[in-house]
Amino acid sequence: MPDSRFFATVGPFSLGDLAALSDTALGDGASPERLFAGVAPLDRAELDHISFLDNLKYRAEFRDSRAGACVVRPAHAAGAPEGMALMLTEDPYRAFAAIAVAFHPAPRPPAGIDALARIDPSASVGADCRIEPGAIVGARVTVGARSHIGAYTVIGDGVTIGEDVHVGSHCTLQYCLIGDRVTIHPGARIGQDGFGFALGPAGHLKVPQLGRVIVGDDVEIGANATIDRGAGPDTVIGSGTKIDNLVQIGHNVQLGRGCVVVAQTGLSGSTKAGDMVLFGGQSGMAGHLSIGDGARVAAQSGVFRDIPAGQTVIGSPALPVKEFWRQIAVLSRLAKKKGDQ
Amino acid sequence: MPDSRFFATVGPFSLGDLAALSDTALGDGASPERLFAGVAPLDRAELDHISFLDNLKYRAEFRDSRAGACVVRPAHAAGAPEGMALMLTEDPYRAFAAIAVAFHPAPRPPAGIDALARIDPSASVGADCRIEPGAIVGARVTVGARSHIGAYTVIGDGVTIGEDVHVGSHCTLQYCLIGDRVTIHPGARIGQDGFGFALGPAGHLKVPQLGRVIVGDDVEIGANATIDRGAGPDTVIGSGTKIDNLVQIGHNVQLGRGCVVVAQTGLSGSTKAGDMVLFGGQSGMAGHLSIGDGARVAAQSGVFRDIPAGQTVIGSPALPVKEFWRQIAVLSRLAKKKGDQ
Amino acid sequence: MPDSRFFATVGPFSLGDLAALSDTALGDGASPERLFAGVAPLDRAELDHISFLDNLKYRAEFRDSRAGACVVRPAHAAGAPEGMALMLTEDPYRAFAAIAVAFHPAPRPPAGIDALARIDPSASVGADCRIEPGAIVGARVTVGARSHIGAYTVIGDGVTIGEDVHVGSHCTLQYCLIGDRVTIHPGARIGQDGFGFALGPAGHLKVPQLGRVIVGDDVEIGANATIDRGAGPDTVIGSGTKIDNLVQIGHNVQLGRGCVVVAQTGLSGSTKAGDMVLFGGQSGMAGHLSIGDGARVAAQSGVFRDIPAGQTVIGSPALPVKEFWRQIAVLSRLAKKKGDQ
């Protein structure tokens, strides 16, 4: 069970109610009246816990689990231990998320503007906002209703923040417009100068960075991530896009809707990606590229050419996935032959 | 046009004045009296805007642009649409920067020490500095004239900062000497302990880090970048060097003058680079290397050996660029043959 | 000698005393009564300085050094210049660390809670702690004796911090339990939400992150590093593990005792490593991997498979080290042949 020092737990809930809110079907013999007290991982769950199986790497833990109930795909139901109630769905991770939220609703710290926050008189702060100690809200800033600005976060003049936004502590927001329901984790830096210089032997001349950062709705931006503002065009993060910790996004980058950018990835200036593009961890994109909808970039890949929609690439320089593995196989065979000589 | 919530615009300026300040030559038929209101990217510029063509990837946007004037190399002038005034130069990006600065001079927020800043009585702050709320200036610190210390930035005891320096919010500066006209973006960490341990099965023993970080003039340091202080020697960043976001610089590293270090690059301890070295994004240098003047390290390269002056390397482990591409070509041909069988 | 603006120096000490405290044996002819004033690198040391030779790259500097004494392995003693006193040991870096600490003991800034710190009334702060300006200590937090909380660091409700812990400025600690003698450098983010989403075309649903971060004793965490809390299990950092700057550690990761994680490395969610594992800089681990005790991951490697105990891997995708170099050699030979044609 989650540590009560950090997480509140409500319940218990009946299996039937949990099945309804998670849109799952109960397996044979599962009693909808049975009560459950919380969620737990497969290997630590007890009889009154709900667990889940998504990644098949954990099949053995599933088979040996003492969990009273488990969310699982119908295709994997046969591997369940005897007596475990099954909650069947094709998307167990999503269903589990709904159940976990039911038991552990996200805390809503009380609204209010701390006496040690500094709000410019020309700023507009919506109803029921929470502004923590030391937060600085600059001139002409607008903060939408129910938004939360963490301690010591600095919001530069003119910035606009939507409703139900959560900004962690120690963030810096400048030259940006932020949508609704955005989450920004601690230490993120949004809107600083892009890395634009006219290089030359007599000195590198800074080119004024005159664009903004436009962040859509339902975006998440990870801890210590950095997003530079545009140089003339804007840097744009499409709605629903999720950006992990320590990601770097250069000036003029445009990300479509629902992209996923895993930790430590870097997108160089002026690269444009469509919707639902997946960037694996530590991957890097050169500048001025075009990446089509639904493309997938494997972890650590280095992309130096455009990627058509739907294509998966891997390697540095990145190749279409089949080509990459064929090269790996050929090289491995040659080296083996050599080693055998 | 830049968003007036964030950027001030002055002007208009005549084409002749703009040509003079950007050191460009007007093309045939361009009227020096014609007035312009600002700058804009090729695809969004209107008749009273100046745009520029540098990267030939944007040739089509150039041909179709409605910009009234465009900064361009003489060799590319033939691709201009009819009626566009041309401003000719071999360095269009630099000329454009000068024009953009003319229309949008960098704002100078008012000088003054905020009542919520905390300046140690033994510190010396020069004339016309701006010290923002919550900034902490430690004992015996000196800050040169006209420098700007951002909100909540913490400057440790004994640090020296030159004139016309700009330090963003939330920075940490310790054990360092900073030159003139340096820009440090939010969240940069300068001068913490290097990662020096005597490793061993009974525990890793920290080795005292007794050096400093010496930052020359006209250096730029990106958001959330980290520069460790020396272990005994100093960590040195030469004048004019530009460091991007999330770069890591280990203890005792020495960078020469005018280097460019693109985002997420890491330089391991005691590596020394000459002048005008270019490090592509996400590249990594092993420790104790020597990198010659004007060397170029491609993005994502992993450098494990010294690089002679002027050489370009790529790959991990990095190779001279021709060798690398020859290997890529050979491997690709072999894999194709295999695939054809 | 270290810059007196930043480092205090005590002494002098006799060579005999220094040999005793560093557990080294004096070489032939070295007088235990001779006095020394401090430590310095080989190329800058003078007659009253102690230096050290560990990395053989610096053999020439050793031969030419003016250092009065030098810590060195017996096997390398023959390369010493005439007149240099030798301090012999099989672990010169560790012995040198002990000597450097003797001359330059780490400063202990005075204890006390700054008037501008904000301590929740329900928090418990041990004896002789130092809490700097702007630090926020949340509800029910406990801070052990002699711990130091840096300026503007924010410690969330319920967090536990051990004794003799040093937390730098601008850190964010949430949902975590921190052991004794831990050092956390500025800007580190510990305990934020993991990057856990149920991905889907209708939107990526955040999965509640209900675990903690458990940090053992004697751990070091670098500047601007990020450690996400567990999703249900905990994220665990074993005692004695050292984590460098800008490292990313995903939810549910478990690191054993005495691991070393060099800068900009990323460990994806649910990966488990044993004791004394070494992760080179910019290396990346996929999720859900198992890495055995004493394994070594070379810099920039991309690990997509489990690593057995004691194995060294390199490359992306990573291979056992011999296999990797054999492939490199084969490819190099083929490309050379091609180039010769």
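Please read all numbers here as calculations on a predicted model, not as lab measurements.

Novice: Describe the overall build of chain A, with residues and values.
Specialist: A tally of helices and strands in chain A yields four helices and 40 strands. For the C-alpha atoms alone, the extent of chain A along its principal axes is close to 75 × 75 × 30 Å. Among the 341 residues that make up chain A, the fraction classed as buried is 57%. When the accessible surface of chain A is totalled, it reaches about 13000 Å², and 54% of it is carbon and sulfur. Averaging the locations of the 30 positively and 34 negatively charged side chains of chain A gives two centres separated by 9 Å.

Novice: Residues and numbers for the pairing of strand E7 (residues 85–88) of chain A, please.
Specialist: All names here are of chain A. The pairing of strand E2 (residues 25–26) with E7 spans two bridges and is antiparallel. Paired with Ala25 across the bridge in E7 is Leu88. Strand direction decides the pairing type here: strand E6 (residues 69–72) and E7, joined by four bridges, are parallel. Its bridge partner being in E7, Val71 is matched across the sheet by Met87.

Novice: Before we move on, can you summarise the interface of chain C and chain B with the specific residues and values?
Specialist: Across the boundary between the two partners, chain C contributes 59 residues, which contact 73 residues of chain B. On the chain C side of the interface with chain B, the three residues burying the most area are Phe6, Arg94 and Gln300 of chain C, jointly 13% of the side's total. On the surface where chain C and chain B come into contact, there are three salt bridges. With a shortest N-O distance of 2.6 Å, Lys206 of chain B and Glu220 of chain C are connected by a salt bridge. For the pair chain C and chain B, the number of links is 29 residue pairs in polar contact (both at pLDDT 80 or more). Those elements that place two or more of their residues in the side of chain C that touches chain B are helix H3 (92–103), strand E28 (242–243), strand E31 (260–261) and helix H4 (321–340) of chain C. The greatest single-element share of the side of chain C that touches chain B, amounting to nine residues, is contributed by H4 of chain C. Per-class residue counts for the side of chain C that touches chain B are 32 nonpolar, 15 polar and twelve charged.

Novice: Can you break down the sheet that holds strand E38 (residues 302–303) of chain C residue by residue, with the values?
Specialist: Residues and elements named next belong to chain C. Pairing is parallel across the open sheet formed by ten strands, whose spatial order is E9-E12-E15-E18-E21-E26-E29-E32-E35-E38. For this open sheet the edge positions go to strand E9 (118–119) and E38, each flanked by a neighbour on one side alone. Two strands pair when backbone bridges link them, and strand E29 (residues 248–249) and strand E32 (residues 266–267) are joined in this way by two bridges, in the parallel orientation. Its bridge partner being in E32, Gln248 is matched across the sheet by Gly266.

Novice: Hey, could you go over helix H3 (residues 92–103) of chain A for me, with residue numbers and the actual values?
Specialist: Residue and element names in this part refer to chain A. Its twelve residues place the ends of H3 17 Å apart at the C-alpha level, agreeing with the 16 Å of an ideal helix rising 1.5 Å per residue. Most of H3 is tucked away, with nine of its twelve residues classed as buried. Turning to H3, its buried residues are Pro92, Tyr93, Ala95, Phe96, Ala97, Ile99, Ala100, Ala102 and Phe103.

Novice: Give me the lowdown on the domain arrangement of chain A, citing residues and values where you can.
Specialist: Domain boundaries assigned for chain A yield domain 1 (13–103) and domain 2 (171–341). When each unit is reduced to the centre of its C-alpha atoms, the spacing between domain 1 of chain A and domain 2 of chain A is 36 Å.

Novice: Pulling in residues and values, what's your account of the relation of the copies chain A and chain C?
Specialist: In the superposition of chain A on chain C (RMSD 0.1 Å, axial shift 0.0 Å), the rotation amounts to 120°. Here the copies are linked by what is in effect a three-fold axis.

Novice: Explain the packing of aromatic side chains to me, and be specific about the residues and the numbers.
Specialist: Counted under the stated rule, the structure contains 27 aromatic pairs over all chains. A ring pair is formed by Phe324 of chain A and Trp325 of chain A, whose centres lie 5.1 Å apart and whose planes are at 80°; its orientation type is edge-to-face. Aromatic rings pair up to connect Phe6 and Phe7 of chain A together with Tyr175 of chain C into one cluster. Above the plane of the ring of Tyr175 of chain A lies Arg229 of chain A, whose end atom (NZ or CZ) is 3.8 Å from the centre.

Novice: Can you explain the state of the cysteines? Please cite residues and give values.
Specialist: All names here are of chain A. Enumeration over the complete set of coordinates arrives at zero disulfides over all chains. Among the cysteines around Cys171, which has no disulfide bond, Cys176 carries the closest sulfur, lying 10 Å off. According to the relative accessible area criterion, Cys171 is buried, its value standing at 0%.

Novice: If you had to explain the interface of chain A and chain C to someone new, which residues and values would you point to?
Specialist: The interface is formed by 59 residues belonging to chain A together with 73 residues belonging to chain C. Taken together, both faces of the contact between chain A and chain C bury some 4800 Å²; the carbon and sulfur share is 62%. Between Asp3 of chain A and Arg212 of chain C there is a salt bridge, and its shortest N-O distance comes to 2.9 Å. Summed over the shared surface of chain A and chain C, the number is 30 residue pairs in polar contact (both at pLDDT 80 or more). Those elements that provide at least two residues to the side of chain A that touches chain C are H3, strand E28 (242–243), strand E31 (260–261) and helix H4 (321–340) of chain A. If you tally residues by element for the side of chain A that touches chain C, the top one is H4 of chain A, at nine residues. Grouping the constituent residues of the side of chain A that touches chain C by class yields 32 nonpolar, 15 polar and twelve charged.

Novice: How would you explain the side chain of His251 of chain B if you had to name every residue and give the values?
Specialist: Residue and element names in this part refer to chain B. Topologically, His251 is positioned in the loop between strand E29 (248–249) and strand E30 (254–255). Its relative accessible area of 12% is what places His251 among the buried residues. Beyond its immediate stretch of four places on either side in the chain, His251 contacts Gly194, Phe195, Gly196, Gln209, Asp228, Arg229, Gly230, Ala231, Thr235, Gly269 and Ser270.

Novice: Quick rundown of the relation of the copies chain C and chain B? Include the residues and the values.
Specialist: Aligned on chain B, chain C shows an RMSD of 0.1 Å; the corresponding rotation is 120° and the shift along the axis is 0.0 Å. By residue overlap, the copies meet through two different surfaces: only 19% of the interface positions of chain C are interface positions in chain B.

Novice: Tell me about the sheet that holds strand E34 (residues 278–279) of chain C, residues and numbers included.
Specialist: Residues and elements named next belong to chain C. If you walk across this open sheet you meet the twelve strands as E8-E11-E14-E17-E20-E25-E28-E31-E34-E37-E39-E40, and the pairing is mixed. For this open sheet the edge positions go to strand E8 (112–113) and strand E40 (319–320), each flanked by a neighbour on one side alone. Here strand E39 (residues 312–314) pairs with E40 via two bridges, running antiparallel. Residue pairing across strands places Ile314 opposite Leu319, the latter belonging to E40.

Novice: Describe the environment of Leu255 of chain A, listing the residues and the values that go with them.
Specialist: Residues and elements named next belong to chain A. For Leu255, the position within the fold is in strand E30 (residues 254–255). Judged by relative accessible area, Leu255 falls into the buried class, the value being 3%. Those residues in contact with Leu255 that lie beyond four places of it in its chain are Val236, Ile237, Gly238, Thr241, Ile243, Ile249, Val261, Leu267, Ala273, Gly274 and Phe279.

Novice: Before we move on, could you go through unusual backbone geometry and cite the residues and values that matter?
Specialist: The omega torsion across Ser316 of chain A and Pro317 of chain A is 0°, close enough to zero to call that bond cis. Topologically, Pro317 of chain A is positioned in the loop between strand E39 (312–314) and strand E40 (319–320). Its identity as a non-glycine residue notwithstanding, Arg146 of chain B has a phi of 60°, on the positive side. Relative to the assigned elements, Arg146 of chain B resides in the loop between strand E13 (142–143) and strand E14 (148–149).

Novice: Give a detailed account of the packing of helix H1 (residues 15–22) of chain A against H3 of chain A, specifying residues and quantitative values.
Specialist: Residue and element names in this part refer to chain A. Two elements in contact, H1 and H3, have axes separated by 8 Å at closest approach and are oriented at 125°. Between H1 and H3, the interaxial angle falls into the category oblique. Remark: the crossing between H1 and H3 carries right-handed chirality. Facing H1, whose interface residues are Leu18, Leu21 and Ser22, H3 presents Ala95, Ala98, Ile99, Ala102 and Phe103. Here the contact of H1 with H3 is built from residues that sort into seven nonpolar, one polar and no charged.

Novice: Go over the pattern of salt bridges with me, naming the residues and quoting the values.
Specialist: Residues and elements named next belong to chain B. By the definition in use, this model includes 45 salt bridges over all chains. With its nearest N and O atoms 2.8 Å apart, the salt bridge here joins Arg146 to Asp164. On the criterion of sequence distance, the pair formed by Arg146 in the loop between E13 and E14 and Asp164 in the loop between strand E16 (160–161) and strand E17 (166–167) is long-range, its members being 18 residues apart. The partly exposed category is assigned to Arg146, whose relative accessible area is 32%.

Novice: Explain the confidence of the model for chain A to me, using residue names and the numbers behind them.
Specialist: Here chain A averages 96 in pLDDT, and 99% of its residues register 70 or above. Model confidence for the complex: the whole-complex pTM is 0.97, and ipTM, which rates the interface, is 0.96.

Novice: Provide a residue-level description of H1 of chain A, including the pertinent values.
Specialist: Residues and elements named next belong to chain A. Considered for burial, the residues of H1 that qualify are Leu15, Leu18, Ala19 and Ser22. Buried residues of H1, seen end-on, are gathered within an arc of 100° and therefore sit on one face of the element. Backbone geometry just downstream of H1 places Asp23 in the positive-phi region, at approximately 55°.

What counts and what doesn't
Residues numbered from 1 in each chain as written. Chains lettered and ligands numbered in written order. Predicted model: local features only at pLDDT ≥ 70, side-chain atom pairs only at ≥ 80, totals over all residues. Heavy atoms only, no water. Helix = DSSP H or I, 4+ residues; strand = E, 2+ residues; numbered from the N terminus. Buried < 20%, exposed > 50% of the residue type's maximum accessible area, 1.4 Å probe, protein only. Areas by Shrake-Rupley, 256 points an atom, 1.4 Å probe, with all protein chains shown as cover. Lys, Arg positive; Asp, Glu negative; His and termini not counted. Charge placed at Lys NZ, Arg CZ, Asp CG, Glu CD. Pairing = 2+ DSSP bridges. Contact = heavy atoms within 4.5 Å. Buried area = accessible area lost by both parts, 1.4 Å probe. Salt bridge = Lys/Arg side-chain N within 4 Å of Asp/Glu carboxyl O. Polar contact = N/O pair within 3.5 Å; in protein donor to acceptor, adjacent residues only side chain to side chain. Nonpolar A, V, L, I, M, F, W, Y, C, P; charged D, E, K, R; others polar. Expected span 1.5 Å × (residues − 1). Domains from an automatic or database assignment. Least-squares fit on C-alpha atoms with pLDDT ≥ 70 in both. Phe/Tyr/Trp six-rings, centres within 6.5 Å; stacked < 30°, edge-to-face > 60°. Lys NZ or Arg CZ within 6 Å of the ring centre and 35° of its normal. Disulfide = S-S within 2.5 Å. Axes fitted to C-alpha atoms, helices over the stretch in contact; angles between N-to-C directions. Parallel < 35°, antiparallel > 145°, perpendicular 65-115°, else oblique. Left-handed = near helix turned anticlockwise from the far one by under 90°. pLDDT = per-residue confidence, 0-100. Arc of directions from axis to C-beta.

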